[in-house]
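This is what each chain is made of:
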Amino acid sequence: MGISTTVAARGGGVAQTGSARRGTAPGWVLLAAALVLLACVASLAFGARPLSWATLVEAWTDFDPADGDHAVIASRVPRTVIGLLVGAALGLAGAAMQGVARNPLADPGLLGVNAGAALAVVAAMFVLGQSSLTSLVWFAVLGAGIAAVVVYAVASLGREGATPVKLALAGAALSAGLASLTNGVLVTSQETLDAFRFWQIGSVAGRSWGDVAPVVPLLAVGAVVTLGTGRALNGLALGDDLARGLGQKVALSRAVVALGVVLLCGAATAVAGPIAFVGLVVPHVGRALVGGDYRWVLPLSGLLGAALLVGADVAGRLVLPPSEVQAGVMTAVLGAPVFLWLVRRSRGVAL
Amino acid sequence: MSVLLDRPAALVRSVHRARRRRVRRTVAALTVAVLAMFLVDVLLGTYTVTMPDFLRILGGTEIPGASFIVMENKLPRAVVGLLAGAAFGVSGAVCQTLLRNPLASPDVIGVTSGASAAAVLGIVVLGVRGQGVSWLALAGGLLVALTLHVMARGGGASCHRLVLVGIGCAALLQAVTSYLLTRSDIRTASEVMVWLNGSLNDSTWERAAHLLLATGLLLPVAAHLAHGLRGLELGDDAAAGLGVPVARVRLGLLLLAVALAAVATAATGPVAFVAFLSGPIARRLLGGAVSLPAAGLVGALVVLAAELVAANLVPGAVLPVGVVTGALGAPFLLWLLVTGSRVGRGG
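Model, not experiment: these values are computed from the prediction.

*Asks:* Quick question: what am I supposed to make of the overall build of chain A here?
*Replies:* When you go through chain A residue by residue, the secondary structure sums to 16 helices and zero strands. Burial status across chain A gives 57% buried among its 351 residues. Considering only contacts within chain A whose residues lie at least 6 apart along the sequence, 76% involve residues at least 24 apart. Total accessible area on chain A is roughly 13,500 Å²; 69% of this is exposed by carbon and sulfur atoms.

Pasting the structure below:
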């Protein structure tokens, strides 16, 4: 299902391709899970320090804390887990966002949600003088929530509602405004800049278990809420009027999905920094594989997002040895061409 | 009146004349405002210079202390602010009119992001300083514009594709800039940060001269192409019907807007929102007409006024001017989005 597909066509697509592909959907989910597993193994195995497969197996079966190689593998576990959690959260949030906005270009990074979280985090760092993630998570969630509401509200005014171009422009413009406010804080405080520039890039490296623990409940609640909205998103895909006619509470569905998305994005951004393009690219792959049924698209997008982010992290370790390229840069480098391809593929219609 | 109504041609002519009068009056008022703000910037502030002293300094008299501050600091800053503001303003107005979208200014569609990324690359990786940074910024902006033009070819008259491609490019380039920031030591990062905000702090006469040369070349071209721009505003088909060579004018205007934005970015860094705001403000002042001189004057006025605030807001420190324009620009932007959407012009 692509950008050029109109809403009506996609609604029809649910009925047709949904039944045609329903049989294969569990297979794709299993395959995505296998891909996630593969990415995890690669994340443990590859890095600045080359290790043999035998060492990896040995570290798994017979862990020896005194062994340097084993310690290296153990040190790669937290970033792998964080990559899994953040990637899954972003993939899931992207799919839900595209569903609720009925907009193929919706992505937390492009729509200014991450910029809102970033400004909130910087303001908190600066005013409260704190740099521990535990205290910043709520600020990130708050900032993400406000930005999401503002962008969507602004873009959906007017006759034609929230069209892709209006959403993207409102998001880009709001991002630019928020970024310049963020920069204003950073110019006046070198300490905040030093802490922020490593957070801003979007990375899963250098985090400890203590940093992840506070966001896990948020991610869990967000994931459960979002995964539960598959049926509601299917309804919304038919258009507001039809969904209302089928007895769905449209405004309530929207609010629930938005709550899930904000929780997921805010928590993911607090841990890993603003990572763009994962939420944009993954749902398109998911829809291409299983059709427009969001009950399958959502979990599949979560799995693919996890695999993509962990994979991007691994790739970032390998492209410029011995230094690392952060996962956030890798997703942008990999995701931007996909975005451009999506835009180009639409022959100026529907946009 | 009844005489006029009898003769439609005369009526049209009188309406045209009234509109031209309004444009002329507004432009004159803006010119006065810009000159006044220029003088305020130079004369007032933490070190106040009196008008007679200023004139004597300009005349060549050496006044201990005051001469240095005016000639080496305040005057070049104000000149660079004036020229860069005008360049940003004209660039934004051309882009917005060309793409028929009040949001499609060079800052949003990635041109300034390209200039920034190239300049940061130069500062952090190649160790370039001074004039070299400006050239790199110019090259970066032009490269993005060329990419946009190639990628968006075949998008037709909607221009939506160009805008979306630009937003994608901007996101990618911002990631590159962030990456480069993490690769540098904190002192360089702070330096880059000031530049990234848009600042007049490093203005020198040399920079002012370069900017004067570039704008002196580009602004007359803009004035020349403005006629085609007014034709394009009617729609591509109507413009073609009026004898405007649409494709050529379109490409020329786009390159011109990008060059202006890149030149200004090279001199001051990407001052947030000036390009974005000047066009719509000028349009409102003129009651809906597009006038590049008015947009340029509004841009200059915005930068000079923001500079006054930035220099005097925090005692003892000079904020980058871009922080002020950004802080003021964001609310205005939201208001513009809301009102623009209501009448169906939001995209």
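*Asks:* Please clarify how the overall build of chain B should be interpreted in this entry.
*Replies:* Helix and strand counts for chain B come out as 14 helices and zero strands. Traced from its N-terminal end to its C-terminal end, chain B shows the element sequence α-α-α-α-α-α-α-α-α-α-α-α-α-α. Against the 2.2 N^0.38 benchmark of 20 Å for 347 residues, chain B shows a C-alpha radius of gyration of 21 Å, consistent with a compact globule. When its C-alpha atoms are laid out on the principal axes, chain B stretches across 70 × 50 × 35 Å. For chain B, buried positions account for 55% of its 347 residues. When contacts within chain B are restricted to residue pairs at least 6 apart in sequence, those whose partners lie at least 24 apart make up 74%. Counting only carbon and sulfur atoms, one obtains 68% of the accessible surface of chain B, whose full area is about 14,800 Å².

*Asks:* What should I look at first to understand the packing of helix H4 (residues 66-98) of chain B against helix H11 (residues 246-268) of chain B in this one?
*Replies:* For any two helices packed against each other, the geometry is given by the interaxial angle and the distance between the axes. Residue and element names in this part refer to chain B. Interaxial distance between H4 and H11 falls to 8 Å at its minimum, and their mutual angle equals 150 degrees. Relative to H11, the element H4 lies roughly antiparallel. Considering how the two elements wind past one another, H4 and H11 form a crossing that is left-handed. Residues Val80, Ala84, Ala87, Phe88, Val90, Ser91, Val94, Cys95 and Leu98 of H4 form the contact with H11, whose own contacting residues are Arg250, Leu253, Leu254, Ala257, Leu260, Ala261, Ala264, Thr265, Ala267 and Thr268.

*Asks:* Looking at this structure, how should I read helix H8 (residues 186-197) of chain B?
*Replies:* Residues spaced three or four apart along an α-helix face the same direction, because each turn holds 3.6 residues. All names here are of chain B. Taking 1.5 Å per residue, twelve residues should reach 16 Å; H8 reaches 16 Å between its end C-alpha atoms and fits that length. For H8, the set of buried residues is Thr188, Ala189, Ser190, Val192, Met193, Trp195, Leu196 and Asn197. Directly after H8, the chain includes Gly198, whose backbone phi takes a positive value near 85 degrees.

*Asks:* Looking at this model, I keep getting lost on the UniProt feature "transmembrane region" (unreviewed entry) in chain A. Mind explaining?
*Replies:* Residues and elements named next belong to chain A. In this structure's numbering, the residues bearing the UniProt feature "transmembrane region" (unreviewed entry) are residues 28-48, 80-97, 109-129, 135-155, 167-187, 255-282, 294-319 and 325-343. Within the segment residues 109-129, helix and strand shares are 76% and 0% respectively, and the terminal C-alpha atoms sit 26 Å apart. Structurally, residues 167-187 comprises 100% helix and 0% strand, and the distance from its first C-alpha atom to its last is 30 Å.

*Asks:* What exactly am I supposed to notice about the packing of aromatic side chains here?
*Replies:* Any pair of aromatic rings gets described here by the distance separating the centres and the angle formed by the planes. All names here are of chain B. Under the criterion given, the structure shown has one aromatic pair over all chains. Ring geometry for Phe273 and Phe276: centres 5.7 Å apart, planes at 70 degrees, overall edge-to-face. Relative accessible area serves as the criterion here: at 4%, Phe273 is assigned to the buried category. With a relative accessible area of 0%, Phe276 lands in the buried category.

*Asks:* Please explain the nonpolar core as it appears in this structure.
*Replies:* Generally speaking, a soluble globular protein has its nonpolar side chains buried in company with each other. Within the largest apolar cluster, 111 residues are counted, with the highest numbers of intra-cluster contacts made by Phe339 of chain A together with Val42, Ile109, Ile167, Leu253 and Leu292 of chain B. Examining the composition of this core, we find that 16 residues originate from one element, H4 of chain B, more than from any other. Excluding its chain neighbours within four sequence positions, the residues that come into contact with Phe339 of chain A are Leu105, Leu110, Phe277 and Leu280 of chain A together with Leu164 and Gly168 of chain B. Core analysis: the second largest hydrophobic core is formed by 90 residues, Val122, Ala147, Val204 and Val212 of chain A among them.

*Asks:* Please explain the environment of Val318 of chain B as it appears in this structure.
*Replies:* Residue and element names in this part refer to chain B. Among the structural elements, Val318 can be located in the loop between helix H13 (292-312) and helix H14 (321-342). Among the residues examined, Val318 registers a relative accessible area of 37% and is labelled partly exposed. Taking the C-alpha atoms as reference points, Val318 and Arg248, separated by 70 residues in sequence, lie 44 Å from one another. Among all residues touching Val318, those that are not within four sequence positions of it are Arg77, Asn201, Ala310 and Ala311.

Rules and cut-offs
- Residues numbered from 1 in each chain as written.
- Chains lettered and ligands numbered in written order.
- Predicted model: local features only at pLDDT ≥ 70, side-chain atom pairs only at ≥ 80, totals over all residues.
- Heavy atoms only, no water.
- Helix = DSSP H or I, 4+ residues; strand = E, 2+ residues; numbered from the N terminus.
- Buried < 20%, exposed > 50% of the residue type's maximum accessible area, 1.4 Å probe, protein only.
- Contact = heavy atoms within 4.5 Å.
- Areas by Shrake-Rupley, 256 points an atom, 1.4 Å probe, with all protein chains shown as cover.
- Rg over C-alpha atoms; globule rule 2.2 N^0.38 Å.
- Axes fitted to C-alpha atoms, helices over the stretch in contact; angles between N-to-C directions.
- Parallel < 35°, antiparallel > 145°, perpendicular 65-115°, else oblique.
- Left-handed = near helix turned anticlockwise from the far one by under 90°.
- Expected span 1.5 Å × (residues − 1).
- UniProt positions renumbered as here; feature names shortened; annotations may be inferred.
- Phe/Tyr/Trp six-rings, centres within 6.5 Å; stacked < 30°, edge-to-face > 60°.
- Core = buried A, V, L, I, M, F, W, Y, C linked by side-chain atoms within 4.5 Å.

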